[in-house]
Amino acid sequence: MKNGQQNTTSSFVKTFVWSRNIRLFHWLNVLSVLLLIIVGSIIYFASNLGISTNGKILLKTIHVSIGYIFAANLIFRILLGFIGKGFERWGQTLPFNKVFNQDLADFKQNKGKVYKGHNPMGKLMVGALMLSLSVQMVSGLVIAGTDIYYPPFGKYFASSIAQDKSQISIIKPYSKENVDANAYKEMRSVRKPFITAHVYSFYFLLLLIPLHILAVCLVERREKNSIVSSMIHGYKYLPKDKE
Ligand code: HEM
């Protein structure tokens, strides 16, 4: 049963909410973000851990490779918000529609409303998560270019620092071969705000993720609508009398 179709059993109404696209995005995002946090944290503490230069290059290569899967999945979700149906659409997901403020006020007063999609606090959380994930994606793709000269900007940055522009392929991470020292310095100053954004957005995510998990558990208790398992099979069980 799809697209909000309902199946009545006892005092609950089984309602289809999360499409296969949303669920696939969600779990691939969970997995890739978890791996990125683990590998990113090792990169963050690489010097304290005594990791060699080759080890750092390997870690960054692994991190960026997972980052591409994460980025492709996130771009897919962003597009789905514009071209998808029902709860895939941004209008149903982000806290920007006309009635949002009223919805939030009702939610705070706990008027017992049951939400098929996200409740207003959930929309705020999705907005914050999406913003932070997008910052990670954009900043990550830029620093992948300045650090290990990986696509999409690697060739551009390698060429910007090359002494001999016809020998770009000999420029390697952490090597000074064919690198113009001044151009390298300039490239590192372009990189600086992106690495700062990557690190601060990482801290923000470390705060948001446990909050998101806690909020979902609290909503499960408050609304009793199977919100946790709905992200696996797509259905929420809404109380009939609150329909
Ligand atoms: C949720 C997603 C992500 C998280 C949580 C994350 C986290 C981190 C962390 C904690 C670091 C260490 C920062 C430091 O050493 O100062 C890092 C470094 C890095 N990340 Fe990510 N990252 C994410 C996504 C991405 C993506 C999508 C890419 C590119 C495809 C990327 C590319 C890089 C690169 C190249 C570095 C090395 C920067 C350095 O020299 O320290 N990251 N990331």
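**Comments concerning the site of the ligand**
Part 1 of the argument: Near the ligand there are 23 residues, and of these Lys 60, His 63, Asp 147, Arg 191 and His 198 occur at the shortest range.
Part 2 of the argument: His 63 places a polar side-chain atom, nitrogen or oxygen, 2.8 Å from a nitrogen atom of the ligand.
Part 3 of the argument: Looking at the shell around the ligand, the elements that each hand over two or more residues are helix H1 (20-44), helix H2 (53-83), helix H5 (120-147) and helix H7 (181-223).
Part 4 of the argument: Taken together, the residues of the shell around the ligand sort by class into 14 nonpolar, six polar and three charged.

**Some thoughts on the pairing of strand E3 (residues 235-239)**
Part 1 of the argument: By the criterion of burial, E3 is predominantly enclosed, with four of the five residues buried.
Part 2 of the argument: Two strands pair when backbone bridges link them, and strand E2 (residues 12-16) and E3 are joined in this way by five bridges, in the antiparallel orientation. By the bridge assignment for E3, Phe 16 is matched with Tyr 235.

**A few points about the environment of Leu 36**
Part 1 of the argument: Inspection of the secondary structure assignment puts Leu 36 in helix H1.
Part 2 of the argument: Classification of Leu 36 as buried rests on a relative accessible area of 13%.
Part 3 of the argument: On a C-alpha basis, the gap between Leu 36 and Leu 207 in space is 15 Å, while along the polypeptide they are 171 residues apart.

**Describing H5**
Part 1 of the argument: Here H5 is 28 residues long and its end C-alpha atoms lie 40 Å apart, about the 40 Å a rise of 1.5 Å per residue gives.
Part 2 of the argument: Measuring from the side-chain oxygen of the N-cap residue of H5 to the backbone nitrogen of Met 121 gives 3.0 Å; that N-cap residue is Asn 119.

**Focus on the coordination of the iron atom of the ligand**
Under perfect tetrahedral coordination by four donors, a metal shows angles of 109.5 degrees; under perfect octahedral coordination by six donors, it shows angles of 90 or 180 degrees.
Part 1 of the argument: In the first shell of the iron atom of the ligand, the protein supplies His 63 (NE2) and His 198 (NE2), at 2.0 to 2.1 Å from the metal.
Part 2 of the argument: Here the iron atom of the ligand is ringed by six donor atoms whose angles at the metal span 87 to 179 degrees, and the overall shape comes out octahedral. Of this pair, His 63 sits in helix H2 while His 198 is found in helix H7, placing the two residues 135 residues apart along the sequence.

**Considering the nonpolar core**
Part 1 of the argument: By size, the foremost hydrophobic cluster in this structure holds 22 residues, and its most contacted members are Phe 70, Leu 74, Met 130 and Leu 133.
Part 2 of the argument: At the level of secondary structure, the elements contributing two or more residues to this core comprise H1, H2, H5 and H7.
Part 3 of the argument: Tallying contributions element by element places H5 first for this core, with seven residues.
Part 4 of the argument: Look past the residues within four positions of Leu 74 in its chain and what remains in contact with it is Phe 25, Met 130, Leu 133, Ser 134 and Met 137.
Part 5 of the argument: Counting residues in each nonpolar core, the second largest holds ten residues, with Phe 157, Ala 158, Ile 161 and Ile 171 among its members.

Calculation notes
Residues numbered from 1 in each chain as written. Predicted model: local features only at pLDDT ≥ 70, side-chain atom pairs only at ≥ 80, totals over all residues. Heavy atoms only, no water. Near = heavy atom within 4 Å. Polar contact = N/O pair within 3.5 Å; in protein donor to acceptor, adjacent residues only side chain to side chain. Helix = DSSP H or I, 4+ residues; strand = E, 2+ residues; numbered from the N terminus. Nonpolar A, V, L, I, M, F, W, Y, C, P; charged D, E, K, R; others polar. Buried < 20%, exposed > 50% of the residue type's maximum accessible area, 1.4 Å probe, protein only. Pairing = 2+ DSSP bridges. Expected span 1.5 Å × (residues − 1). Donors = N, O, S within 2.8 Å, 3.2 Å for Na, K, Ca; no water. Tetrahedral: all angles 85-135°; square planar, octahedral: opposite > 155°, others 65-115°. Core = buried A, V, L, I, M, F, W, Y, C linked by side-chain atoms within 4.5 Å. Contact = heavy atoms within 4.5 Å.

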